[in-house]
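Here's the letter readout for the chains.
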Amino acid sequence: MIAEVNQWLLAFGLDEFLHHHVAAVVLQLPHSVRDDLLADPGFRLADYEPGRNVVMHVPLGSPARKKPGRAVVLKRTLRHRPAAFVRYIIAHELAHAHLRNAGRFPGEDPEHAADSLAAAWGFPRPASALR
């Protein structure tokens, strides 16, 4: 599975630092969630270096029938943060993609849903991020 995930991630051309952390998170996801993302031709993953006058074009995949394309974009400035925070952010954003930016049930706040899934997958929000 490690080789399959790394091969999948290579297609996105992520920064090496982020590639390593995304791979670690994806490998820890429940099989159904990992399969959902890896098998979706409409899923895209990108990173960028924020800065002045930087224009980021978010890559979007072709939507499938009745399913829009999904994208996760990560800032390379995550390299300046602790590993637990980096992996929490990655899991949180992948949870949004998995839930298609909705809650787990009607009326649930999508942010709460993404935090809850990230924690259930082993990536709780670090206490330092709550400030």
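Residues numbered from 1 in each chain as written. Predicted model: local features only at pLDDT ≥ 70, side-chain atom pairs only at ≥ 80, totals over all residues. Heavy atoms only, no water.

## Remarks on the nonpolar core
Now for step 1: Ranked by internal contacts, the top residues of the largest apolar core, which has 35 residues, are L9, F43, L45, L74 and L94.
Now for step 2: Counting only elements with at least two residues in this core, the list comes to α1 (2–10), α2 (16–28), α3 (31–38), β1 (43–48), β2 (70–75), α4 (83–99) and α5 (110–120).
Now for step 3: Per-element tally for this core: the top contributor is α4, with ten residues.
Now for step 4: When neighbours within four sequence positions are excluded, L74 is seen to be in contact with L18, V22, L45, A46, D47, Y48, I89, I90 and E93. (Core = buried A, V, L, I, M, F, W, Y, C linked by side-chain atoms within 4.5 Å. Buried < 20%, exposed > 50% of the residue type's maximum accessible area, 1.4 Å probe, protein only. Helix = DSSP H or I, 4+ residues; strand = E, 2+ residues; numbered from the N terminus. Contact = heavy atoms within 4.5 Å.)

## Here we look at the pattern of salt bridges
Now for step 1: Evaluated as defined, the whole model comprises six salt bridges.
Now for step 2: In this structure, R76 engages D47 in a salt bridge whose closest nitrogen and oxygen atoms are separated by 2.9 Å. Remark: D47 occurs in strand β1 and R76 occurs in the loop between β2 and α4; sequence separation between them is 29 residues.
Now for step 3: Given a relative accessible area of 26%, R76 falls into the partly exposed group.
Now for step 4: Note that R125 and D115 form a salt bridge whose closest N and O atoms lie 3.0 Å from each other. Taken together, the residues R125 in the segment after α5 and D115 in helix α5 connect sequence positions ten residues apart.
Now for step 5: Among the charged side chains, a network of salt bridges with common partners joins D36, D40 and R70. (Salt bridge = Lys/Arg side-chain N within 4 Å of Asp/Glu carboxyl O.)

## Some thoughts on the packing of aromatic side chains
Now for step 1: One pass over the structure, following the stated rule, counts four aromatic pairs.
Now for step 2: When the centroid spacing of 5.1 Å and the interplanar angle of 90° are considered together, the rings of W8 and F12 count as edge-to-face. F12 shares its class with W8; the two are buried.
Now for step 3: A centroid spacing of 6.2 Å and a plane angle of 50° characterise the contact between F85 and Y88, whose relative ring orientation is tilted. (Phe/Tyr/Trp six-rings, centres within 6.5 Å; stacked < 30°, edge-to-face > 60°.)

## Quick notes on the packing of α4 against α5
Now for step 1: Following both chains from N to C, one finds α4 and α5 inclined at 120°, their axes separated by 8 Å at the closest point. For the element pair α4 / α5, the angle class is oblique. The way α4 lies across α5 gives a crossing that is right-handed. Residues Y88, A91, H92, A95, H96, H98 and L99 of α4 pack against P110, E111, A113, A114, D115, L117 and A118 of α5.
Now for step 2: The residue makeup of the contact of α4 with α5, split by class, is nine nonpolar, three polar and two charged. (Axes fitted to C-alpha atoms, helices over the stretch in contact; angles between N-to-C directions. Parallel < 35°, antiparallel > 145°, perpendicular 65-115°, else oblique. Left-handed = near helix turned anticlockwise from the far one by under 90°. Nonpolar A, V, L, I, M, F, W, Y, C, P; charged D, E, K, R; others polar.)

## Let's talk about the packing of α1 against α2
Now for step 1: Interhelical geometry of α1 versus α2 gives an angle of 135° and a closest axis separation of 10 Å. Judged by the angle between their axes, α1 and α2 are oblique. Pair α1 / α2 crosses with right-handed handedness. From α1, I2, V5, N6, W8, L9 and L10 reach across to α2, where they touch H19, V22, A23, V26 and L27.
Now for step 2: Taken together, the residues of the contact of α1 with α2 sort by class into nine nonpolar, two polar and no charged.

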